[in-house]
Amino acid sequence: QQKVQQSPESLIVPEGAMTSLNCTFSDSASQYFAWYRQHSGKAPKALMSIFSNGEKEEGRFTIHLNKASLHFSLHIRDSQPSDSALYLCAENNNAGAKLTFGGGTRLTVRP
Amino acid sequence: EAAVTQSPRNKVAVTGGKVTLSCNQTNNHNNMYWYRQDTGHGLRLIHYSYGAGSTEKGDIPDGYKASRPSQENFSLILELATPSQTSVYFCASGDRGGERLFFGHGTKLSVL
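Residues numbered from 1 in each chain as written. Chains lettered and ligands numbered in written order. Predicted model: local features only at pLDDT ≥ 70, side-chain atom pairs only at ≥ 80, totals over all residues. Heavy atoms only, no water.

Looking at this structure, how should I read the nonpolar core?
Note on soluble globular proteins: their nonpolar side chains tend to be buried together. Counting residues in each nonpolar core, the largest one holds 21 residues, and the members touching the most others are Trp 35, Phe 72, Leu 74 and Tyr 87 of chain A. Residue assignment for this core shows that the elements contributing at least two residues are strand E3 (19-25), strand E4 (32-38), strand E5 (45-50), strand E7 (61-66), strand E8 (71-76), strand E9 (85-92) and strand E11 (105-110) of chain A. Apart from the residues lying within four places of it in its own chain, the contact partners of Leu 74 of chain A are Thr 19, Ser 20, Leu 21, Trp 35, Leu 47, Phe 61, Thr 62, Ile 63 and Tyr 87 of chain A. Met 32, Leu 76, Phe 102 and Val 111 of chain B belong to the second largest nonpolar core, which has 19 residues in total. (Core = buried A, V, L, I, M, F, W, Y, C linked by side-chain atoms within 4.5 Å. Buried < 20%, exposed > 50% of the residue type's maximum accessible area, 1.4 Å probe, protein only. Helix = DSSP H or I, 4+ residues; strand = E, 2+ residues; numbered from the N terminus. Contact = heavy atoms within 4.5 Å.)

Put into structure tokens, the structure is as follows:
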């Protein structure tokens, strides 16, 4: 079983909607959490990251981290068709320079 | 923008053959990584390296070897390729403690 689990596996939302993607991890010692975005046929690209409990906002994107509940999430406000992609969450528990990824959520934003 | 280049872009290999995937980075990052991506599994770490001469096993190292002859280059070697190794392979580089990674465009490998 993967150490990092994502839900849902796929999601279809209308343009302008709020989108929420979820990620759970199993190691409470994890130090660093990130979201990557991968458009079809392209390389994954870092989107946002967070180190400590709380919330971080950058434009239309907000990430939440709750270490006690082993959960972090990505929220996209006013979703756009260009946001359609595979979203990957990742964590680093500081056991070496390893970044462990979840299985991904495929987001489709309908115009 | 950090630059990571992989070669080849596409590769067809025969079962039992040897395959070498190459990766070059011009970012002067200490750390380099090889991941494979299969539907439903996200990115799974095969091998990684902290610098020239170093290789470390990732989460799924069986059937793969890695080589880091220089700061810039990191290779993934399949000595005896099997059909189960058909996948898309991504190389990445990063600095510090494995935070922000920069990925190459991927190599699509088919083992027949």
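What is the right way to read the interface of chain A and chain B from this model?
Many descriptions give the size of an interface as the accessible area lost when the pieces come together. Taken together, the contact pairs 21 residues of chain A with 23 residues of chain B. Overall, the association of chain A and chain B removes approximately 1700 Å² of surface from exposure, summing both partners, and the carbon and sulfur fraction of that is 53%. For chain A, the biggest contributors to the area lost against chain B are Ala 97, Lys 98 and Phe 101 of chain A; these three give 30% of the whole. Applying the counting rule to chain A against chain B returns 1 salt bridge. Going through the elements one at a time, E4, E5, E9 and strand E10 (100-101) of chain A are the ones with two or more residues in the side of chain A that touches chain B. Here the side of chain A that touches chain B is built from residues that sort into 11 nonpolar, 7 polar and 3 charged. (Buried area = accessible area lost by both parts, 1.4 Å probe. Salt bridge = Lys/Arg side-chain N within 4 Å of Asp/Glu carboxyl O. Nonpolar A, V, L, I, M, F, W, Y, C, P; charged D, E, K, R; others polar.)

Sorry if this is basic, but what is going on with the state of the cysteines here?
All chains considered together, the criterion is met by 2 disulfides over all chains. The side chain of Cys 23 of chain A participates in a disulfide bridge whose partner is Cys 89 of chain A; the two sulfur atoms lie 2.0 Å from each other. The sign of the 65 degrees torsion about the S-S bond sets the Cys 23 of chain A-Cys 89 of chain A disulfide as right-handed. Separated by 66 residues along the polypeptide, Cys 23 of chain A in strand E3 and Cys 89 of chain A in strand E9 bring together distant segments of the chain. The class of Cys 89 of chain A is buried, set by a relative accessible area of 0%. Here Cys 23 of chain B is linked by a disulfide to Cys 91 of chain B, with a sulfur-sulfur distance of 1.9 Å. Taking the sign of the S-S torsion, -80 degrees for the link of Cys 23 of chain B and Cys 91 of chain B, the bridge is left-handed. In this pair, Cys 23 of chain B is assigned in strand E3 (residues 19-25) and Cys 91 of chain B in strand E9 (residues 87-94), connecting sequence segments 68 residues apart. Residue classification places Cys 91 of chain B among the buried residues on the basis of a relative accessible area of 0%. (Disulfide = S-S within 2.5 Å.)

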